[in-house]
Amino acid sequence: FSNIVDNDIVFDSYGFPYIPARRIRGLLKEAANEYGQFDSSKVDLEEQLFGDETSHLFGLHNAKIEKLKEIHEEIDRMDKEDKKYVSPISVLNHYTSIRHQTSIDDNGIAKENSLRSTRVVNRGVEFYAPVEYLEEDKKDLEDILAFVRHMGLRRTRGFGEVRLTLEAEKKENKNVFDVVSKLDDDREYELKLQVVNRSQLTITGSN
């Protein structure tokens, strides 16, 4: 989309944005060095956590939307008529927005040919990256994750504020049909529904 977007993001062939592992790893290395400057006992933290090119103390994969593999498979199974509703551009537009900026001269007038457009991931989108590490390094890894506050371009202009956390792998929920088959028809059950907003949300009405 170079004809309409000057600075684009990384996204797959289906239109879903993702964060390359090397970008995250680079930020974590920077954070480890910063941590070492605050605590003299952690000066070798980068080497301890990430090792060198020949070791495999730490492994990190691309950060993607949750259950992205299953979503890809669902799209592949769609009829050709239905796939037009989940085209790569429509998927990309769901998760992202385009920001426009221009330079202003001393008279408050936009400079000629200074208009630039940048695609940004919408606020609130969550990415998950599988990670392998030594259990003894968990506390230090959690500490340096807290050092990473921004990611991507224009970090000094309010873009790319992030929060990184280390989470245990989620267990898959039981098949709902397996649960329903065990319910007693003579009893009443309270079902709780959890709704998680994955992007910007507008709810109309006053109630």
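Values in this document were obtained by computation on a predicted structure and should not be read as measured data. Chains are numbered independently. Their residues run from 1 in the order of the written sequence. pLDDT decides what is reported in this predicted model: residues at 70 or higher carry local features, side-chain atom pairs at 80 or more are listed and counted, and totals for whole chains, interfaces and linings draw on all residues regardless. The basis for every side-chain value is the complete set of heavy atoms in the structure, and neither hydrogens nor water enter the calculation.

Draft legend 1. Broad picture of the overall build of the chain. What counts as a helix is a DSSP run of H or I of at least four residues, what counts as a strand is a run of E of at least two, and both are numbered from the N terminus. Scanning the chain for helices and strands turns up 7 helices and 4 strands. Residue burial is assigned from relative accessible area. The probe radius is 1.4 Å, only protein chains are included, and a residue is buried under 20% of its type maximum, exposed over 50%, and partly exposed in between. The buried share among the 207 residues of the chain stands at 23%. Within the chain, counting contacts between residues at least 6 apart in sequence, those at least 24 apart form 66% of the total. Throughout, the Shrake-Rupley method with a 1.4 Å probe supplies accessible areas, and for residues the shown protein chains are the sole cover considered. Of the roughly 16,400 Å² of accessible surface on the chain, 48% is carried by carbon and sulfur atoms. Note on definitions: a residue-residue contact is assigned when non-hydrogen atoms from the two residues lie within 4.5 Å.

Draft legend 2. Examining the pattern of salt bridges more closely. The salt bridge definition used is simple: a Lys or Arg side-chain nitrogen within 4 Å of an Asp or Glu carboxyl oxygen. Tallied over the full model, the rule gives 4 salt bridges. The partner of Arg119 in a salt bridge is Asp8, with the nearest N and O atoms 2.6 Å apart. Note that Arg119 is positioned in strand 3 (residues 116-121) and Asp8 in the segment before helix 1 (21-38), a separation of 111 residues in sequence. On the accessibility criterion, Asp8 (33% relative accessible area) is partly exposed.

Draft legend 3. The side chain of Asp12, seen in detail. Within the fold, Asp12 resides in the segment before helix 1. Notably, Asp12 is buried but unbridged: the nearest opposite-charge side chain belongs to Lys64, and the N-O separation is 6.7 Å. Those residues within four positions of Asp12 in sequence are excluded, and the remaining contacts are Tyr18, Leu68 and His72. Positive charges come from Lys and Arg, negative ones from Asp and Glu, while His and the chain ends are left out of the count.

Draft legend 4. Up close: unusual backbone geometry. Of note, the phi angle at Lys67 is positive, near 60°, even though the residue is not glycine. Looking at where Lys67 falls in the secondary structure, it is placed in the loop between strand 1 (59-60) and helix 3 (68-77). Residue classification places Lys67 among the partly exposed residues on the basis of a relative accessible area of 42%.

Draft legend 5. Molecular detail of the side chain of Asp140. Along the chain, Asp140 turns up in helix 6 (residues 138-147). Not counting chain neighbours up to four residues away, the residues in contact with Asp140 comprise Tyr35, Lys42, Leu45, Gln48 and Leu49.

Draft legend 6. Quick peek at the nonpolar core. Ranked by internal contacts, the top residues of the largest apolar core, which has 19 residues, are Ile24, Leu28, Leu45, Phe50, Phe58 and Ile144. Each residue touching Leu28, except ones within four places of it in the same chain, is listed here: Phe50, Phe58, Ile144, Leu145, Val148 and Leu164. By nonpolar core is meant a set of buried Ala, Val, Leu, Ile, Met, Phe, Trp, Tyr and Cys residues that side-chain atoms within 4.5 Å join together. Residues Phe16, Ile65, Ile75 and Tyr95 belong to the second largest nonpolar core, which totals 7 residues.

Draft legend 7. Structural detail: the packing of aromatic side chains. Only centres within 6.5 Å qualify two rings of Phe, Tyr or Trp (six-membered ring in Trp) as a pair; their planes then separate them into stacked at under 30 degrees, edge-to-face at over 60, and tilted for everything else. Evaluation of the coordinates by the stated rule reveals 3 aromatic pairs. Ring centres of Tyr35 and Phe147 lie 5.4 Å apart, and the angle between their planes is 40°; this geometry places the pair in the tilted category. Here Phe147 lies in helix 6 and Tyr35 lies in helix 1, a separation of 112 residues in the sequence. Taken together, a centroid distance of 4.9 Å and an interplanar angle of 85° make the contact between Phe50 and Phe58 edge-to-face.

Draft legend 8. Molecular detail of a nonpolar patch on the surface. Each patch groups residues whose relative accessible area exceeds 30% and which form no salt bridge, using 9 Å between like charges and 5 Å between nonpolar side chains of Val, Leu, Ile, Met, Phe, Trp and Tyr. On the surface, a cluster of nonpolar side chains totalling about 320 Å² of accessible area is made up of Leu183, Tyr189 and Leu191. Along the polypeptide, Leu191 turns up in the segment after helix 7 (176-180). Leu191 sits in the exposed class, given a relative accessible area of 77%.

Draft legend 9. Representation of the packing of helix 1 against helix 6 in the model. The axes used here are C-alpha line fits, helices contributing only the stretch in contact, and every angle between their N-to-C directions lies in the interval 0 to 180 degrees. The N-to-C vectors of helix 1 and helix 6 enclose an angle of 100°; their axes lie 8 Å apart at closest approach. Classed by the angle they form, the pair helix 1 and helix 6 counts as roughly perpendicular. Residues Leu28, Ala31, Ala32, Glu34, Tyr35 and Phe38 of helix 1 touch helix 6, and the partners they reach there are Asp140, Asp143, Ile144, Leu145 and Phe147. Any residue that is not Ala, Val, Leu, Ile, Met, Phe, Trp, Tyr, Cys, Pro, Asp, Glu, Lys or Arg is counted as polar, Gly included; the first ten are nonpolar and the last four charged. When the residues that make up the contact of helix 1 with helix 6 are grouped by side-chain class, the tally is 8 nonpolar, no polar and 3 charged. Oblique is the label for any angle not covered by the other classes, which are roughly parallel (under 35 degrees), roughly antiparallel (over 145) and roughly perpendicular (65 to 115).

Draft legend 10. View of helix 6. Considered for burial, the residues of helix 6 that qualify are Asp140, Leu141, Asp143, Ile144 and Leu145. Where helix 6 is buried, its residues touch helix 1 and helix 2 (45-50).

Draft legend 11. Just the environment of Glu34, in detail. By secondary structure assignment, the location of Glu34 is in helix 1. Sequence separation between Glu34 and Ile144 is 110 residues, and the spatial gap between their C-alpha atoms is 8.6 Å.

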